[in-house]
Amino acid sequence: MILPILSYGNSLLRNKCSDIDSSYPNLKKLINDMWDTMYNAEGVGLAAPQVGKQIRLFIIDASPFFDKKEVSSYELENMKRIFINPKITYSNSKMCSFNEGCLSIPEIREDIERNESIIIKFYDEKFNLLSLSFNGILARVILHEFDHIEGVLFTDKISKFKRNLIQKKLDKISRGQFDINYPMKFSKK
């Protein structure tokens, strides 16, 4: 089932989320609904708070960024993942910039600096504990979604000057004044 994605301005996007365990109600259905929602919106990641759930869960499928003939088997295996209760245990100091967008903030893209490599500890959908390293675009997508469960948006990482330049667009997004081809929820409650 496709869920509405909360838009910029919704206070739920600013909350730090809570850990869950395997008894979380309807977890499998929520994850399936999140996949449907993300693919319908043509996204590469989606965090639970973006669909109104204040839990430490996000999904990624970064395959649109890769030519499958040119990636390693490790990258292929890790392009599509579910992260439950993730914790970043290492991030290198080398930063890289990339133009990011967000399903909760349509029509806005900005260059964002992020760590090039990370190690993240998390549970998969079967609650197996994993600790994996990610580099490049995979690390970036994961860090973007990880920020969501911490109540951080990519627009928080741009300079005050750039933020002032886009503030009118952000205000319009919070009021639902834009055209988008997927369901969104604009309420600030």
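Residues numbered from 1 in each chain as written. Predicted model: local features only at pLDDT ≥ 70, side-chain atom pairs only at ≥ 80, totals over all residues. Heavy atoms only, no water.

This part covers the overall build of the chain. When helices and strands are counted, the chain shows four helices and nine strands. Counting from the amino terminus, the chain carries its helices and strands in the arrangement β-α-β-β-α-β-β-β-β-β-α-α-β. Here the C-alpha radius of gyration of the chain, 16 Å, is about what a compact globule of 189 residues would show, namely 16 Å. If you line up the chain on its principal axes, its C-alpha atoms span 40 × 40 × 30 Å. Taken over 189 residues, the chain has a buried fraction of 48%. Residue pairs at least 24 apart in sequence account for 69% of intrachain contacts in the chain once pairs closer than 6 positions are excluded. Roughly 9700 Å² of accessible area belongs to the chain as shown, and the carbon and sulfur atoms make up 50% of that amount. (Helix = DSSP H or I, 4+ residues; strand = E, 2+ residues; numbered from the N terminus. Rg over C-alpha atoms; globule rule 2.2 N^0.38 Å. Buried < 20%, exposed > 50% of the residue type's maximum accessible area, 1.4 Å probe, protein only. Contact = heavy atoms within 4.5 Å. Areas by Shrake-Rupley, 256 points an atom, 1.4 Å probe, with all protein chains shown as cover.)

On to the nonpolar core. Ranked by internal contacts, the top residues of the largest apolar core, which has 36 residues, are Met-34, Leu-46, Leu-57 and Ile-105. If one sorts the elements of this core by residue count, helix 1 (residues 27–40) sits on top with six residues. With residues near it in sequence (within four places) discarded, Leu-46 still touches Ile-5, Met-34, Thr-37, Met-38, Val-51, Phe-58, Ile-59, Leu-103 and Glu-145. (Core = buried A, V, L, I, M, F, W, Y, C linked by side-chain atoms within 4.5 Å.)

This part covers the side chain of His-144. Tracing the chain through its elements places His-144 in helix 3 (residues 136–149). Within the structure, the side chain of His-144 is placed 2.8 Å from the side chain of Glu-100, a separation counted as a polar contact. Among all residues touching His-144, those that are not within four sequence positions of it are Glu-100, Gly-101, Cys-102, Arg-114 and Phe-154. (Polar contact = N/O pair within 3.5 Å; in protein donor to acceptor, adjacent residues only side chain to side chain.)

Turning our eyes to something else, we now look at the environment of Asn-181. Structurally, Asn-181 can be placed in the loop between helix 4 (160–174) and strand 9 (184–185). Take Asn-181: its relative accessible area is 59%, and that puts it in the exposed class. Residues Asn-181 and Tyr-39, spaced 142 residues apart in sequence, show a C-alpha to C-alpha distance of 12 Å.

All right, on to the side chain of Arg-56 then. Structurally, Arg-56 is set in the loop between strand 2 (45–47) and strand 3 (57–61). Since its relative accessible area comes to 7%, Arg-56 is described here as buried. At a separation of 2.7 Å, a polar atom in the side chain of Arg-56 contacts the side chain of Glu-150. Beyond its immediate chain neighbours, meaning those up to four positions away, Arg-56 contacts Lys-16, Cys-17, Ser-18, Asp-19, Phe-83, Ile-84, Asn-85, Pro-86, Phe-146, Ile-149 and Glu-150.

Right, let's get into the sheet that holds strand 8 (residues 129–135). One open sheet accounts for five strands, arranged 2-3-4-7-8; its pairing is antiparallel. The open sheet has two edge strands, strand 2 and strand 8, and neither has a second partner. Sheet twist, expressed as the average angle between the axes of neighbouring strands with direction ignored, equals 40°. Pairing between strand 3 and strand 4 (residues 80–91): five bridges, direction antiparallel. (Pairing = 2+ DSSP bridges. Axes fitted to C-alpha atoms, helices over the stretch in contact; angles between N-to-C directions.)

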